[in-house]
Amino acid sequence: MTTPLLDVRGLTVRYGGVVALDGVDLEVGAGSLVGLIGPNGAGKTTFIDAVTGFARAAGTVAFEGRSLDTLSPHARARAGLARTFQGGALFEDLSVEDQLRVAAERPGVRDLLTDACKPWRRVRRNERVEQPLELLGLDHCRSTPARELPHGTRRLVGIARALAAAPRLVLLDEPAAGLDPADRARLGDHLRAIVAHGASVLLVDHDVDLVFSVCDVVYVLDFGAVIVHGPPGAVRIHPALVEAYLGTAVGEEP
Amino acid sequence: MGGGSVVAILALGVVLTYKASGTVNFAHAALGMYVAFAFYELRATGELVLPLLGLPDRVAIVDRPTVFTAMVTCLALAAALGALIYGLVFRPLRRAPALARVVASLGLLLYFIALIDLRFGARGATALVIRNVLDATVVDFAGASVPLDRFLLLAVALVLTGVLWLAYRYTRFGLATRATAEHEEGAIQIGLSPDAYGVANWALASMLAALAIILAAPVVRLDPAGTSLLIVPAVAAALVARFNSFVVATAVGLAIGMAQSEILNLQADHAWLPEIGLQQGVPFLVILLTLLVGGSRLPHRGRPPTRSLPESPDPRWTGVGVLVVGGIAVSGLLVLDGDWRLGIIISTITAVLALSVVVVTGFVGQISLAPYAFAGVAAFAMVRFANDAGFGFPFDALAGAAVATTVGVLVAIPAVRVRGLDLAIATLAAAVVIEELIFKWTWFTGGAAGSRVPPPELFGIDVGIAARGTDYPRAAFGIVCIVVLVVCTLAVVGLRRGATGRAWLAVRADERAAAAAGINVVGAKISAFGVSAFLAGIGGTLLAYERQILSPSSFAVLASLTLLAFTYLSGIAAPAGALLAGVLASGGILTVALDRIDDGASRYQLATAGLALVAAAVLFPNGIVGSLARIRRR
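Conventions and cut-offs
Residues numbered from 1 in each chain as written. Chains lettered and ligands numbered in written order. Predicted model: local features only at pLDDT ≥ 70, side-chain atom pairs only at ≥ 80, totals over all residues. Helix = DSSP H or I, 4+ residues; strand = E, 2+ residues; numbered from the N terminus. Rg over C-alpha atoms; globule rule 2.2 N^0.38 Å. Contact = placed C-beta atoms within 7 Å. Buried ≥ 20, exposed ≤ 12 C-beta atoms within 10 Å, placed from the backbone. Nonpolar A, V, L, I, M, F, W, Y, C, P; charged D, E, K, R; others polar. Core = buried A, V, L, I, M, F, W, Y, C linked by C-beta atoms within 7 Å. Pairing = 2+ DSSP bridges. Axes fitted to C-alpha atoms, helices over the stretch in contact; angles between N-to-C directions. Parallel < 35°, antiparallel > 145°, perpendicular 65-115°, else oblique. Left-handed = near helix turned anticlockwise from the far one by under 90°. Arc of directions from axis to C-beta. Expected span 1.5 Å × (residues − 1). pLDDT = per-residue confidence, 0-100.

Trainee: Just to check I follow, could you spell out the overall build of chain A for this structure?
Mentor: What chain A contains, in helices and strands, is ten helices and ten strands. Relative to the compact-globule value of 18 Å for 254 residues, chain A shows a C-alpha radius of gyration of 19 Å, a close match. Once the C-alpha set of chain A is aligned to its principal axes, its extents read approximately 75 × 40 × 40 Å. Partitioning the intrachain contacts of chain A with sequence separation of at least 6 by distance along the chain shows that 67% fall at a separation of at least 24.

Trainee: Which parts of the structure should I look at to understand the overall build of chain B?
Mentor: What chain B contains, in helices and strands, is 27 helices and six strands. A compact globule built from 634 residues would reach a C-alpha radius of gyration of about 26 Å, and chain B, at 24 Å, matches this within 12%. Seen along its three principal axes, the alpha-carbon backbone of chain B occupies a region of about 70 × 55 × 55 Å. Taken over 634 residues, chain B has a buried fraction of 57%. Across chain B, the fraction of contacts at a sequence separation of at least 24, relative to all contacts at a separation of at least 6, is 77%.

Trainee: Is there a simple way to explain the interface of chain B and chain A in this structure?
Mentor: How big an interface is tends to be reported as the loss of accessible area on association of its parts. Chain B puts 29 residues into the contact, and the matching count from chain A is 32 residues. Of all elements in the fold, only α19 (475-497), α20 (499-509), α21 (511-516) and α22 (521-547) of chain B reach the threshold of two or more residues within the side of chain B that touches chain A. A per-element tally of the side of chain B that touches chain A places α20(B) first, with seven residues. Within the side of chain B that touches chain A, the residues separate by chemical class into 15 nonpolar, nine polar and five charged.

Trainee: Can you help me understand the nonpolar core in this one?
Mentor: Membership of the largest hydrophobic core comes to 319 residues, with the highest contact counts inside it found for L10(B), F112(B), A237(B) and A238(B). Leaving out residues up to four positions away in the same chain, L10(B) has contacts with H28(B), A29(B), A209(B), A212(B), L230(B), I231(B) and A234(B).

Trainee: How should the sheet that holds strand β5 (residues 66-67) of chain A be read in this particular structure?
Mentor: Backbone hydrogen bonds are what pair the strands of a sheet, in a parallel or an antiparallel way. Residue and element names in this part refer to chain A. In spatial order, the strands read β2-β1-β4-β5; together these four strands make up an open sheet with antiparallel pairing. In this open sheet, the two edge strands, each paired with only one partner strand, are β2 (18-28) and β5. The pairing of strand β4 (residues 58-63) with β5 spans two bridges and is classified as antiparallel. By the bridge assignment, F63 is partnered in β5 with R66.

Trainee: I would appreciate a short explanation of the packing of helix α13 (residues 318-335) of chain B against helix α24 (residues 575-584) of chain B in the present structure.
Mentor: How two helices sit against one another is set out by the angle between their axes and by the gap between those axes. Residue and element names in this part refer to chain B. Look at α13 against α24: their axes get within 10 Å of each other, and the N-to-C directions meet at 25°. Taken together, the axes of α13 and α24 are roughly parallel relative to one another. As α13 runs across α24, the sense of the crossing is left-handed. Between α13 and α24, the residues in contact are T318, G321, V322 and V325 and P575, A576 and L579, respectively. Classifying every residue of the contact of α13 with α24 gives five nonpolar, two polar and no charged.

Trainee: Looking at this structure, how should I read the environment of A475(B)?
Mentor: Residues and elements named next belong to chain B. Mapping A475 onto the fold places it in helix α19. Assessed through the 21 C-beta atoms surrounding it within 10 Å, A475 is described here as buried. Sequence-wise, A475 and G464 are eleven residues apart; in three dimensions their C-alpha atoms are separated by 9.2 Å. The residues touching A475, leaving out its near neighbours within four places in the chain, are L333, L334 and R341.

Trainee: I keep staring at unusual backbone geometry and nothing clicks. Help me out?
Mentor: A negative phi angle is the norm for most residues apart from glycine, just as the trans form is the norm for most peptide bonds. Residues and elements named next belong to chain B. Cis rather than trans, the peptide bond between F393 and P394 has omega equal to 0°. Along the chain, P394 turns up in the loop between α15 (371-388) and α16 (395-415). Of note, the amide linkage connecting Y472 to P473 takes the cis form, showing an omega dihedral of -10°. Within the secondary structure, P473 sits in the loop between β6 (461-462) and α19.

Trainee: Please clarify how the sheet that holds strand β7 (residues 169-173) of chain A should be interpreted in this entry.
Mentor: Residue and element names in this part refer to chain A. In spatial order, the strands read β6-β7-β8-β3-β9-β10; together these six strands make up an open sheet with mixed pairing. In this open sheet, the two strands that pair with only one neighbour each are β6 (81-83) and β10 (225-230). Taken over all neighbouring pairs, the strand axes of this sheet differ in orientation by 20° on average, direction set aside. In this structure, strand β3 (residues 33-37) lies alongside strand β9 (residues 217-222), joined through four bridges in parallel fashion.

Trainee: In this structure, what is going on with the packing of helix α6 (residues 172-182) of chain B against helix α8 (residues 194-216) of chain B? I would like to understand it.
Mentor: Residue and element names in this part refer to chain B. In the contact formed by α6 and α8, the axes pass within 10 Å of each other and the chain directions differ by 115°. Regarding the angle of α6 to α8, the classification is roughly perpendicular. The interaxial crossing formed by α6 with α8 has left-handed handedness. Every residue of α8 that contacts α6 at A176, T177 and T180 is listed here: P194, Y197 and N201. Its residues assigned to classes, the contact of α6 with α8 shows three nonpolar, three polar and no charged.

Trainee: So what exactly am I meant to see when it comes to helix α25 (residues 589-597) of chain B here?
Mentor: Since one α-helical turn is 3.6 residues long, residues separated by three or four positions face the same way. Residue and element names in this part refer to chain B. Among the residues of α25, those classed as buried are I589, T591 and V592. The buried residues of α25 occupy an angular sector of 165° when the element is viewed end-on, so they sit on one face. The inward-facing, buried residues of α25 contact α14 (338-363), α24 and α26 (605-619).

Trainee: I'm lost on the pairing of strand β3 (residues 138-141) of chain B in this one. Help?
Mentor: In regular strands, side chains alternate between the two faces of the sheet. Residues and elements named next belong to chain B. Looking at chain direction, β3 and strand β4 (residues 144-147) are connected through four bridges and run antiparallel. By the bridge assignment, F141 is partnered in β4 with A144. In sequence, β3 turns back onto β4 through a hairpin of two residues, with A142 there showing a positive phi of about 50°.

Trainee: Hey, could you run me through α8(B) in this one?
Mentor: Compared with the 33 Å implied by 1.5 Å per residue over 23 residues, the 33 Å span of α8(B) between its first and last C-alpha is a close match. Counting buried residues in α8(B) gives 20 out of 23 residues, a clear majority hidden from the surface.

Trainee: What should I look at first to understand the confidence of the model for chain B in this one?
Mentor: When pLDDT drops low, the exact placement of atoms in the prediction is not to be read closely. Summary statistics for chain B give a mean pLDDT of 87 and a share of 94% for residues scoring 70 or more. The ipTM for the predicted assembly is 0.92, set against a pTM of 0.92.

Trainee: Just checking my understanding: could you explain the environment of R502(B) for this structure?
Mentor: Assignment of secondary structure puts R502(B) in helix α20. Measuring from C-alpha to C-alpha, the distance between R502(B) and F363(B) comes to 9.0 Å, with 139 residues separating the pair along the chain. With residues up to four places along the chain from it excluded, the contact list for R502(B) reads L94(A), D98(A), R101(A), V102(A) and E105(A).

Trainee: Explanation requested: the environment of Q99(A) in the structure shown.
Mentor: Among the structural elements, Q99(A) can be located in helix α3 (residues 96-105). When neighbours within four sequence positions are excluded, Q99(A) is seen to be in contact with L90(A), F91(A), L94(A), A146(A), V157(A) and R161(A).

Have a look at this one:
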């Protein structure tokens, strides 16, 4: 058996006395699309925060066989782990293209000195920026400032920015929230295209139909713990899933 | 003790305004200073000096007002001013980013200082008859003769603290203010009016500030700038109190005052202690360290700011513009008379310094109140490099700027752990520490002998400012300054348009998202502080050449506050804003032009700028340049 791309073992997050995540094990194989669903407050966003270094967590996170546990968020991003945020968290002042450049460039001190010497620089075409723009059909709004974008486009720009970092794995936090049905359908196509381009995806979303239709493996989280996981066909009909979302049916035998 | 008591009472007011509106009001002591001037003038002449330009200068109240009449009148004036300031400025800004609120209060600070200048002229407080309000009979205390008013002032501070503590703990008023401070929407839901509590607390705080400075005027020296800057120790004390505890604020305020006199005694007793500004510097070093070790001190408010920071338009044309402007300025130097030449030189140097503000505060959103401190470090270091290491121009200036960069990075490494207002206060404390511990340290500054700045020479030609008769200021020095400004502006334009600037703006917009995109947020902030300190350092060395004699007062905190104010007004997120800030600065091109139009017209410059700044913070946060860019886009 090959090592999975992302290998999470016993991930536990406590906020004060509240256990937000309780010993979660999760794997994402290379080239796969993994879904993570669960009712509100199940710990889905906390899981992304913990994996990407934004929440302090116990347990281990290994990426491409290497431990990420001591790395800060930006170092994890540089290791090939990209994410989106629920609200989009776009850089409101920057144009769509510049947003993506930020993720693609990551300047150092050397760049600072060369930048200072080039006030009239021509902005060079960057393939890492062009590819996601083309893939997600954002070419038409590349010079629009983020604050002027419509909601659906903002979601896509958030994903495009994550892709511009040329990640091995993208963690998407509710990309379908607030999208209309047509946009949702298109999002499914986009996700398949992303995987076809070589990145893996961990998809967190409330749209259970979307998750079941595109993912290879689905994990169900409830009260901070994985209650069931497996291929969508098996998970969809699992009684634990129904119970997590609807509660135990009235009159049912315990 | 007298100084400690006034700091303590001011700190109480700072805590009050923070509780009521989440604002650290840097104009708090300045307002008290103005009312104290008004009080003593009223006592002497029976006329009340009004605070607004456009109104009559003064109105007659009664012929010979008693202390009581004058006090009631002036406290009412203070209360009205406080309420007015809250309603017109800080209530509209309650959702604005910390930067807008800081600069609005800086605008008021400058306005009050300028107002006293306008109403009392150059004589300042010497125009006043300051008669003791409190009984100043000398009494015997622990073997020393101490005037009684010190004790009375202390008693006033303690009583006020007690009353506020009780009121905020046990009355509905205190509870309601706390509720509105914790969560404005929640307070409205349960039927409280944040406006009423805001007005009441601001009026109360302003009365405290006025009372403190009226009572302390015989003890502390009353002067427009110095008294206004009592806000620095007061904010420090309020900070240690987490802008929440009246008791702690008073205790720390008193402690700062006592530490200052205690260290003074120590220095007299122990000759081995270095002859530096320990009594001012040490308390701030302690505060700086507690802030930086303890992390954020300010309690969080219920809602994050919803108004955004000033826009940063692509400065594509600024690069061309600065060449044109530079060319015009050089021709001006060659044909115009001495007054104009000096104005151009001062504007040019100020513009270089303003660029440092654009980088760190405009591009990365980190409020730094220490640019002149970095400028001073570079200036003093340059003189040492020139005199002791034999560095010639421009290598001495570059070496000085390199030292400033190092100090900037050293300050930034701990300081970037905190944000917003915390950072503003941390850099303010750092500026005081640098001013007191470094500029007054004879080993570094070289004492009196080290203060003479050797004139710069290029290829054996003297390009210093000093020249005989009408040749002063020498045009060649102005040209050097303009070349430096053009180079620095082009560099800043390059940074903004390159990958570095995009990363900086990303950090300014959203630190979490920037980190998720792989940007090292701490590294980006430190690099901006470094670049900013370098530019400030270059500006500082030019300023040193212009002054010819170095003095710590050229690099005082007030200069930093004024610089931030003018840069914000002009457009803090655009390199072109720095150029405009240079033009508008006192002593610069605008001053000369105003005086040419009508002799003395420039007297109104600072007061107008202060008001314009307040208006900018409330109405057009993009500044003049940013607003113009916006109009052009439409």
